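Read off the chains here:
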Amino acid sequence: MYKVTFAFEDGNVVETFANTGDNLLEIAREANVAIDAPCSGNASCGKCRVQLKSGELDSKKTLHISEEEYQEGWRLACVSTVCADVTGLVTDIASAYKSRMKVADLSSKGEIAIFENVKSDIELAGIELTNSLDVVDVKMSPPSLDDTMPDNERLMRALRKYLNISRVRIPYSVLRKLPNVLRDNDFAVKCVVRTTPDDMFVYDIFGKDEDVLIGGLAIDIGTTTVSALIINMENGEILAKASAGNGQIRYGADVINRIIEQQKPGGTNRLQRAVIDDTINPMIQEMCKKAGISRNSIYRMCVAANSTMNHLFAGINADPLRMEPYIPAFFKTNSLFASDVGIAINPDAHIIVAPNIGSYVGGDITAGTLVSMIWNKPEFSLFIDLGTNGELVFGNSDFMMSCACSAGPAFEGGDISCGMRATDGAIEACTIDKETMEPTYKIVGEPGTKPIGLCGSGIIDIISELYMCGIIDPKGKFIREGKRIRHDQYRMGSYVIAFEEEAGSVKDVEITEVDIDNFIRAKGAIFSAIRTMLGSLDFDVSMIDHVYVAGGIGSGINMENAVNIGMFPDVPLDKFHYIGNSSLSGAYVMLLSTKAEKKTYELASNMTYMELSTVPTYMDEFVGSCFIPHTDTGLFPNVKQR
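Residues numbered from 1 in each chain as written. Predicted model: local features only at pLDDT ≥ 70, side-chain atom pairs only at ≥ 80, totals over all residues. Heavy atoms only, no water.

> Please clarify how the nonpolar core should be interpreted in this entry.
One broad trend across soluble globular proteins is that nonpolar side chains are buried collectively. Counting 66 residues, the largest nonpolar core has Leu 382, Ile 463, Leu 466, Ile 511, Met 567 and Phe 568 as its most contacted members. In terms of residues, this core owes the most to one element, helix H14 (residues 513-536), which gives ten residues. The residues contacting Leu 466, other than those within four sequence positions of it, are Ile 432, Ile 471, Ile 472, Phe 478, Tyr 495, Ile 511 and Ile 516. Among the nonpolar cores identified, the runner-up in size contains 51 residues, and Val 118, Ala 218, Ala 304 and Ala 354 belong to it. (Core = buried A, V, L, I, M, F, W, Y, C linked by side-chain atoms within 4.5 Å. Buried < 20%, exposed > 50% of the residue type's maximum accessible area, 1.4 Å probe, protein only. Helix = DSSP H or I, 4+ residues; strand = E, 2+ residues; numbered from the N terminus. Contact = heavy atoms within 4.5 Å.)

Here it is as structure tokens:
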């Protein structure tokens, strides 16, 4: 066996052992070393770069690494196998997805206002923000030789009498505490209970003088990021917040690669543990520490996630989702509890799952639709959730239709040579001087951080600026010359945003014609889905009164630039509204309000799901959208004027 050492820029190392021929990326995964691999090891993205510092690797050359870089020791982990003792450097950028993922700041006034506005909107719609959890004070007569009723029956009798309930259930976790708590408090206690018209479940028991908090956990499990809140279930107060990269990313950036990984031996357990043990449970621990509460005081949880993430989270085979006729194991389920899947909260906590609508429109969209409030308005609204995939809902108080389009990983920086997720060093906004073609950009991170690559919002800005400045044509080909425009030996053009000497990487930060073409396809998927869905109703974009944009990337998007490149419809910019992480805010409201939970089930059951792959006109729409802004420029009159 050979010794394999993964070294990091902060000086830490991880050592493991491997056999001859073992794949370096697989070794890293088994050793829990985070190496970004959006393509899940297919050698198509070029993101799993490591630098050989000592020893040997059997590694073939790829188009993603130049001859100069190869000589400097750069290798792709997915095409490298062990043939001797080896030490490889895992750069910060390769592992940043796990430790430095940037999502919306839930502590900011703007984000807190989003949650407050959501509560206000829901209440104005006539939905009460109340739930079935409560703390009740119970006083019992102590046992005696004349009253030998056991403790559990004594408590059940008192609760039935107190709340006029016919059935009371006491789980094992409470039964274990019962003798001591009753006697230490002279049979005067507090119980955390869930009450329905004919049933009561006792979650916990405390002494009569103890302060008791009823905690709840709302969580958005995205393909790329996971965001969560711990709240006070009695008043909706946000007690703690956290976000992190989804630990499943190392098995691929998209759901298809993860479903394929799940089918391998042990894959179901690996993917479930990656999102629960590596991501969610550490977030819970950190949030509980900051809030000063016990994890056992979290008695209910609500999950909003896409259909695939729901299956992987629950440890259920997701393979039928990707195979025609695309049938999931469930759209809606009430059968999950914390102890079933290993969530580190009260073991008897019920997990509410926001209902899925279709194989590629999941609970994150139903939760988002709830808080978008388009179901409560007579005017026509379009709800767009931008992430690894693009999901759309169109309608009003009379009807709603939904669909999903495979935009690919471009919005997360995948398929882009210098693309990256929104971590430190990512260019997230950019303008270009029309005369000099010089860029001015904004970088994620502390002041002085050097640019390393481009994240989704930055790519949108740069392509829009290149087109509006007349540097590229509608096909994305370069038509101007200058010091920042170069052509390789194959005549492929590129625009240099930051030269190597001003960048924080070992090469120039640039965007190529291939990159632009890949992104045009991604934005084309969004716009063609909008057109196809509207066309099925004999509508056009002029009938859209509001456009609600959600998702992590949505917070950084310049809406005008998104219209300029033909990703969003050319409607007045004041019709666009950013509503934050609607999946999380929807889960928050479903957690807090039993009636909001029921309303979400109602929305899901009444929403029409369109499978774009079955619509004959979709491909024609997609082809027409693969230009900037579109082959039919009449669809973008304001862009023409600008």
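> Explanation requested: the environment of Gly 358 in the structure shown.
For Gly 358, the location among the structural elements is in the loop between strand S14 (350-353) and helix H12 (363-372). In this structure the C-alpha to C-alpha distance between Gly 358 and Ser 494, which are 136 residues apart in sequence, comes to 40 Å. Setting aside chain neighbours within four positions, we find Gly 358 in contact with Ser 307, Phe 331 and Tyr 609.

> Hey, could you run me through the side chain of Asp 364 in this one?
Its place among the elements puts Asp 364 in helix H12. With sequence-adjacent residues up to four places away left out, Asp 364 is seen in contact with Ala 304, Ala 305, Asn 306 and Ser 583.

> Sorry if this is basic, but what is going on with the sheet that holds strand S17 (residues 400-405) here?
Neighbouring strands of a sheet are bound in pairs by backbone hydrogen bonds; such pairs are parallel or else antiparallel. With mixed pairing, the six strands of this open sheet are ordered in space as S25-S24-S15-S16-S17-S26. Since the sheet does not close on itself, it has two edges, and those belong to strand S25 (576-578) and strand S26 (608-610), each with one partner. Each strand axis lies, on average, 20 degrees off the axis of its neighbour in the sheet, ignoring direction. Bridge count between S17 and S26: three bridges; the pairing is parallel. Paired with Cys 403 across the strands is Met 610, a residue of S26. Contacts from H12 reach strand S15 (381-386), strand S16 (390-395), S17 and strand S24 (546-550), with the element oriented near 135 degrees to S15. (Pairing = 2+ DSSP bridges. Axes fitted to C-alpha atoms, helices over the stretch in contact; angles between N-to-C directions.)

> Whenever I open this one, the packing of aromatic side chains confuses me. Can you help?
Describing an aromatic ring pair means giving the distance of the ring centres and the angle of the ring planes. Scanning all chains against the criterion turns up eleven aromatic pairs. Ring geometry for Phe 380 and Phe 539: centres 4.9 Å apart, planes at 65 degrees, overall edge-to-face. Of this pair, Phe 380 sits in the loop between H12 and S15 while Phe 539 is found in the loop between H14 and S24, placing the two residues 159 residues apart along the sequence. The ring of Trp 74 has Arg 49 lying over it, and the distance from NZ or CZ to the ring centre is 5.2 Å. Between Arg 75 and the ring centre of Tyr 70, over which it is positioned, the NZ or CZ distance is 3.7 Å. (Phe/Tyr/Trp six-rings, centres within 6.5 Å; stacked < 30°, edge-to-face > 60°. Lys NZ or Arg CZ within 6 Å of the ring centre and 35° of its normal.)

> I tried to follow the packing of helix H7 (residues 255-262) against helix H9 (residues 307-314) on my own but got confused; where do I start?
Packed helices, taken two at a time, are described by the angle their axes make and the gap between the axes. Contact geometry of H7 with H9 gives a least axis separation of 10 Å together with a crossing angle of 30 degrees. By the angle between their directions, the pair H7 and H9 is classed as roughly parallel. Between H7 and H9 the crossing geometry is left-handed. Along the contact surface, H7 presents Val 255, Arg 258, Ile 259 and Gln 262, while H9 presents Thr 308, Met 309 and Leu 312. The residue makeup of the contact of H7 with H9, split by class, is four nonpolar, two polar and one charged. (Parallel < 35°, antiparallel > 145°, perpendicular 65-115°, else oblique. Left-handed = near helix turned anticlockwise from the far one by under 90°. Nonpolar A, V, L, I, M, F, W, Y, C, P; charged D, E, K, R; others polar.)

> Looking at this model, I keep getting lost on helix H6 (residues 172-184). Mind explaining?
Two residues of an α-helix separated by three or four positions point the same way, owing to the 3.6 residues in each turn. In this model, H6 (13 residues) spans 19 Å end to end at C-alpha, consistent with the 18 Å of a helix rising 1.5 Å per residue. At Leu 178, H6 shows its largest kink, close to 45 degrees, and the proline Pro 179 lies no more than four residues downstream. Every buried residue of H6 is listed here: Val 174, Leu 178, Val 181 and Leu 182. Looking at the buried residues of H6, the elements they touch are helix H5 (151-163), strand S8 (188-196) and strand S9 (199-207). (Expected span 1.5 Å × (residues − 1). Bend = angle between axes of the 7 residues up to and from the residue.)

> Help me understand the sheet that holds strand S22 (residues 493-498), please; the structure alone is not making it clear to me.
The sheet built from three strands is open, its strands ordered S21-S22-S23 with antiparallel pairing. The open sheet has two edge strands, strand S21 (485-487) and strand S23 (509-512), and neither has a second partner. Strand-to-strand, the axes of this sheet are offset by a mean angle of 35 degrees, without reference to chain direction. Inspection of the sheet shows S21 paired to S22 by three bridges, in the antiparallel sense. In the strand pairing of S22, Arg 486 is matched with Ser 494.

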